[in-house]
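In case you want the letters, here they are:
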Amino acid sequence: NVTSMDEWSRTKFYWSNNLRIAGLYAISFPFYTGAASLLMTSHQIGLAAVYNYHLYGPLILLNFICIVFVHGIFELTGALILGGASLRLAWKLWGYLGHALTAGWGKMTKKRRIAVRQHLIDYIILITLGSLLIALAAPIEAYLSPSASVLFLISPTLAILFLASVLLFYAAIIR
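Residues numbered from 1 in each chain as written. Predicted model: local features only at pLDDT ≥ 70, side-chain atom pairs only at ≥ 80, totals over all residues. Heavy atoms only, no water.

S.K.: What is the right way to look at the confidence of the model for the chain in this model?
M.R.: On average, residues of the chain carry a pLDDT of 88, and 97% of them reach 70 or more. Helix H3 (residues 58–103) is the least confidently modelled element of the chain, averaging 87 in pLDDT, while helix H5 (residues 156–174) averages 94, the highest of any element. (pLDDT = per-residue confidence, 0-100. Helix = DSSP H or I, 4+ residues; strand = E, 2+ residues; numbered from the N terminus.)

S.K.: What am I meant to see in the environment of Tyr14 here?
M.R.: With respect to the helices and strands, the residue Tyr14 is situated in helix H1 (residues 7–27). Apart from the residues lying within four places of it in its own chain, the contact partners of Tyr14 are Val2, Leu19, Ala138, Glu141 and Ala142. (Contact = heavy atoms within 4.5 Å.)

S.K.: Please clarify how helix H2 (residues 33–56) should be interpreted in this entry.
M.R.: Residues separated by three or four positions in an α-helix point in the same direction, a consequence of the helix having 3.6 residues per turn. For H2, built from 24 residues, the straight-helix expectation of 34 Å at 1.5 Å per residue is met to within 8% by its first-to-last C-alpha distance of 34 Å. Taken as a whole, H2 has its buried residues at Gly34, Ala35, Leu38, Ala49 and Asn52. Check the buried side of H2 and you find it contacts H1 and H3. Positive phi shows up at Gly57, right after H2, with a value of about 105°. (Expected span 1.5 Å × (residues − 1). Buried < 20%, exposed > 50% of the residue type's maximum accessible area, 1.4 Å probe, protein only.)

S.K.: Could you clarify how one ought to interpret the packing of H1 against H3 in this entry?
M.R.: A pair of packed helices is captured by two measures, namely the crossing angle of their axes and the spacing between those axes. It is the contact of H1 with H3, at a shortest axis distance of 9 Å, that shows an interaxial angle of 20°. Taken together, the axes of H1 and H3 lie roughly parallel to each other. Like other packed secondary-structure pairs, H1 and H3 cross with a definite hand, here right-handed. For the pair formed by H1 and H3, the contact residues are Asn18, Ala22 and Tyr25 on the first element and Glu75, Ala79, Leu82, Gly83 and Ser86 on the second. The residue makeup of the contact of H1 with H3, split by class, is 4 nonpolar, 3 polar and 1 charged. (Axes fitted to C-alpha atoms, helices over the stretch in contact; angles between N-to-C directions. Parallel < 35°, antiparallel > 145°, perpendicular 65-115°, else oblique. Left-handed = near helix turned anticlockwise from the far one by under 90°. Nonpolar A, V, L, I, M, F, W, Y, C, P; charged D, E, K, R; others polar.)

S.K.: What am I meant to see in the packing of aromatic side chains here?
M.R.: In this description, an aromatic ring pair is defined by two values, namely the gap between the centres and the angle between the planes. Under the defined criterion, the tally for this structure stands at 5 aromatic pairs. With a centroid separation of 5.6 Å and 85° between ring planes, the pair formed by Trp8 and Trp15 is classed as edge-to-face. According to the relative accessible area criterion, Trp15 is partly exposed, its value standing at 28%. For the ring pair Phe169 and Tyr170, a centre distance of 5.2 Å and an interplane angle of 65° mean the geometry is edge-to-face. Classification of Phe169 as partly exposed rests on a relative accessible area of 36%. These aromatic residues form a ring-pair network of at least three members: Phe69, Phe169 and Tyr170. (Phe/Tyr/Trp six-rings, centres within 6.5 Å; stacked < 30°, edge-to-face > 60°.)

S.K.: Quick question: what am I supposed to make of the environment of Ala135 here?
M.R.: Mapped onto the secondary structure, Ala135 falls in helix H4 (residues 110–154). Setting aside residues no more than four positions away along its own chain, Ala135 makes contact with Trp15 and Leu19.

S.K.: Would you mind showing me how to read a nonpolar patch on the surface here?
M.R.: Residues Trp8, Tyr143 and Leu144 make up a contiguous nonpolar surface patch of roughly 330 Å² in combined accessible area. Within the fold, Leu144 resides in helix H4. (Patch = residues over 30% accessible without salt bridge, like charges linked within 9 Å, V, L, I, M, F, W, Y side chains within 5 Å. Areas by Shrake-Rupley, 256 points an atom, 1.4 Å probe, with all protein chains shown as cover. Salt bridge = Lys/Arg side-chain N within 4 Å of Asp/Glu carboxyl O.)

S.K.: Quick question: what am I supposed to make of the pattern of salt bridges here?
M.R.: Two side chains of opposite charge can pair, provided their charged atoms sit close to one another. As enumerated under the stated definition, the model contains 2 salt bridges in all. A salt bridge links Asp122 to Arg88; the shortest N-O distance between them is 3.8 Å. Taken together, the residues span a long stretch of sequence, with Asp122 in helix H4 and Arg88 in helix H3 at a distance of 34 residues. The class for Asp122 is partly exposed, based on a relative accessible area of 23%.

S.K.: What is the right way to read the side chain of Asn18 from this model?
M.R.: For Asn18, the location among the structural elements is in helix H1. Apart from the residues lying within four places of it in its own chain, the contact partners of Asn18 are Glu75, Ile134 and Glu141.

S.K.: Any chance you could explain the packing of H3 against H4 here in plain terms?
M.R.: The interhelical angle for the contact between H3 and H4, taken along N-to-C directions, is 170°, at an axis separation of 9 Å. Between H3 and H4, the interaxial angle falls into the category roughly antiparallel. For the contact of H3 with H4, the class distribution of residues is 27 nonpolar, 11 polar and 6 charged.

Structure representation (structure tokens):
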């Protein structure tokens, strides 16, 4: 039903859906479910890509991947930041709890308390950044992705150049 909506309704739908998922990533950090959900979503995108390839061929696969990355450059990057931040905070939280249980709650040093506070501040900053990127992706997904889809079908060379630039973007981030 999303394709029959006007652009503004789609934008609001994408905001509600994507930010709800971002919130779930953020609040579920102690159980590692944010990172697990991110892996599952990546798996589902891969399955959809393989399905499109086998059903429609390589041109539609190229178009599908390009459509995902038109808005996905923001959405997927935001999701990766959220998943990584929740994974990092969960790892630190369980480490601090383990230390507090073995050493005693009252024996937590000032240095360790400062480290805990800094990890929480870092987490809030990363969650805010990831959520902002996901929020920016919604209007792009509603307004730009459908038009880009037609453009990429008309010009596969443009689609390949776009994917190459996305690859360079992520390679620069990883580096």
